[in-house]
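So you can see what is in the structure, the chains are spelled out below.
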Amino acid sequence: TRALYFLTKHEYDGNYPWGVYRVDSGATQPTLIEANIGTPGGIAISADGKTLYWTDDQSDAVFQKDLATGAIQSIGGGSGRQLGSIVIATLPDLLQ
């Protein structure tokens, strides 16, 4: 199933609180898949489509979510530390 993932930083029309959302192919409404994520900054998905990553601008943390199990963990940053660079996928991986 193809899906679009996105973050919201502001509540939209009272219906969509801050969080990570998914819109499945053919769907007409987004589904909230993770709430209470701080101040969302950026989002990415692994080349194999199994792991979702996002940042929290407030804590400078990077989180990953296993889309099969729903497990979430912090993988970097936090406490105002700069992240440097985390490679999620390279361009050749994404073009396969």
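A. A look at the overall build of the protein chain. Helix and strand counts for the protein chain stand at one helix and seven strands. Overall, the protein chain shows an N-to-C arrangement of helices and strands of β-β-β-β-β-β-β-α. Burial analysis of the protein chain (96 residues in total) assigns 26% to the buried set. Within the protein chain, residue pairs in contact and separated by at least 24 positions form 18% of the contacts whose partners lie at least 6 positions apart. Roughly 6300 Å² of accessible area belongs to the protein chain as shown, and the carbon and sulfur atoms make up 49% of that amount.

B. Structural context of the packing of aromatic side chains. According to the stated counting rule, one finds two aromatic pairs in the structure shown. Pairing F6 with Y21 gives two aromatic rings, centres 5.3 Å apart and planes at 10°, and the pair type is stacked. With F6 in strand β1 (residues 3–8) and Y21 in strand β2 (residues 19–24), this residue pair connects regions lying 15 residues apart in the sequence. Classification of Y21 by relative accessible area gives buried; the value is 2%. Ring centres 6.1 Å apart and planes at 25° place the aromatic pair W54 and F63 in the stacked group. On the accessibility criterion, F63 (21% relative accessible area) is partly exposed.

C. Spatial organisation of the side chain of T51. Relative to the assigned elements, T51 resides in strand β5 (residues 51–56). Residue contacts for T51: discarding those within four places in its chain leaves A44, I45, S46, Q64, K65 and L67.

D. View of the environment of Q64. Position of Q64 among the secondary structure elements: in strand β6 (residues 61–66). It is 9.2 Å that separates the C-alpha atoms of Q64 and I45, two residues lying 19 residues apart in sequence. Look past the residues within four positions of Q64 in its chain and what remains in contact with it is T51, L52, Y53, A71, I72, Q73 and I75.

E. Representation of the pairing of strand β3 (residues 31–35). Both β2 and β3 contribute to a ladder of four bridges, which runs antiparallel. The partner of V20 across the bridge, within β3, is E34. What sits between the antiparallel neighbours β2 and β3 is a turn of six residues, in which G26 has the positive phi angle 90°.

What counts, and at which threshold
Residues numbered from 1 in each chain as written. Predicted model: local features only at pLDDT ≥ 70, side-chain atom pairs only at ≥ 80, totals over all residues. Heavy atoms only, no water. Helix = DSSP H or I, 4+ residues; strand = E, 2+ residues; numbered from the N terminus. Buried < 20%, exposed > 50% of the residue type's maximum accessible area, 1.4 Å probe, protein only. Contact = heavy atoms within 4.5 Å. Areas by Shrake-Rupley, 256 points an atom, 1.4 Å probe, with all protein chains shown as cover. Phe/Tyr/Trp six-rings, centres within 6.5 Å; stacked < 30°, edge-to-face > 60°. Pairing = 2+ DSSP bridges.

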